Amino acid sequence: VQLQASGGGLVQAGASLRLSCAAFERIFSRYHMGWFRQAPGKEREFVAAISWAGGRTYYADSVKGRFTVSRDNAKNTVYLQMNSLKPEDTADYYCAATPWKNEVPLLGSSYDYWGQGTLVTVSS
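Residues numbered from 1 in each chain as written. Predicted model: local features only at pLDDT ≥ 70, side-chain atom pairs only at ≥ 80, totals over all residues. Heavy atoms only, no water.

A word on the overall build of the chain
Within the chain, the secondary structure is distributed over zero helices and 11 strands. Taken from N to C terminus, the helices and strands of the chain fall in the order β-β-β-β-β-β-β-β-β-β-β. The C-alpha radius of gyration computed for the chain amounts to 13 Å, which stays within 12% of the reference 14 Å derived for 124 residues, consistent with globular compactness. Principal axes of the C-alpha set define a box for the chain whose edges measure 40 × 25 × 25 Å. (Helix = DSSP H or I, 4+ residues; strand = E, 2+ residues; numbered from the N terminus. Rg over C-alpha atoms; globule rule 2.2 N^0.38 Å.)

Some thoughts on the side chain of E25
Inspection of the secondary structure puts E25 in the loop between β3 (17-24) and β4 (31-38). By relative accessible area, E25 is classed as buried at 18%. Those residues within four positions of E25 in sequence are excluded, and the remaining contacts are V1, Y31 and N76. (Buried < 20%, exposed > 50% of the residue type's maximum accessible area, 1.4 Å probe, protein only. Contact = heavy atoms within 4.5 Å.)

Considerations on the pairing of strand β7 (residues 67-72)
The two faces of β7 differ: F67, V69 and R71 on one face are buried, but T68, S70 and D72 on the other face are not. In this sheet, strand β8 (residues 77-82) lies alongside β7 in antiparallel orientation, the contact comprising six bridges. Across the sheet, S70 pairs through a bridge with Y79, a residue of β8. What sits between β7 and β8 in their antiparallel hairpin is a turn of four residues, with N76 showing a positive phi close to 50°. (Pairing = 2+ DSSP bridges.)

A short note on the pairing of strand β5 (residues 45-50)
β5 sits mainly inside the fold: five of its six residues count as buried. Strand direction decides the pairing type here: β4 and β5, joined by five bridges, are antiparallel. The residue bridging G34 from the neighbouring strand is A49, located in β5. Judged from the three bridges that link them, β5 and strand β6 (residues 57-59) form a sheet pairing that is antiparallel. Paired with I50 across the strands is T57, a residue of β6. Two successive antiparallel strands, β5 and β6, enclose a turn made up of six residues, where G54 displays a positive phi of approximately 85°.

So, the sheet that holds β8
Strands pair in a sheet through their backbones, by hydrogen bonds, and they do so in one of two ways: parallel or antiparallel. A sheet is described by the order of its strands in space; here four strands give the open sequence β1-β3-β8-β7, paired in antiparallel fashion. Pairing within the sheet leaves two strands with one partner each, and these edge strands are β1 (2-6) and β7. On average, each strand axis in the sheet is inclined to that of its neighbour by 15°, with strand direction left out of account. (Axes fitted to C-alpha atoms, helices over the stretch in contact; angles between N-to-C directions.)

What follows is the structure, encoded as structure tokens:
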């Protein structure tokens, strides 16, 4: 599965961005999708995840209420809407995919496919 993330940029605190992750996979709908981020000098961390059909979503506490993950299986794309951005949200953001399983994984090690990062920089 090839994944291509886009939508990052430089914004001021309080602004919004929407990240997109396009999957070049005929059966995209059979994959759970996740978003992770890695800030300079820090470990990669979980941000959000969505089940294969979009019925279940999960968020890190640090983004709950500000970020929304969604997907359009007809377009083979998963989105991360980020509102009320804070400087601490600055990071490279990665999308990841894993074939359907009963549980939606929240650990990066459970994902099989990764896109390249898209950089989000939030200035204060």
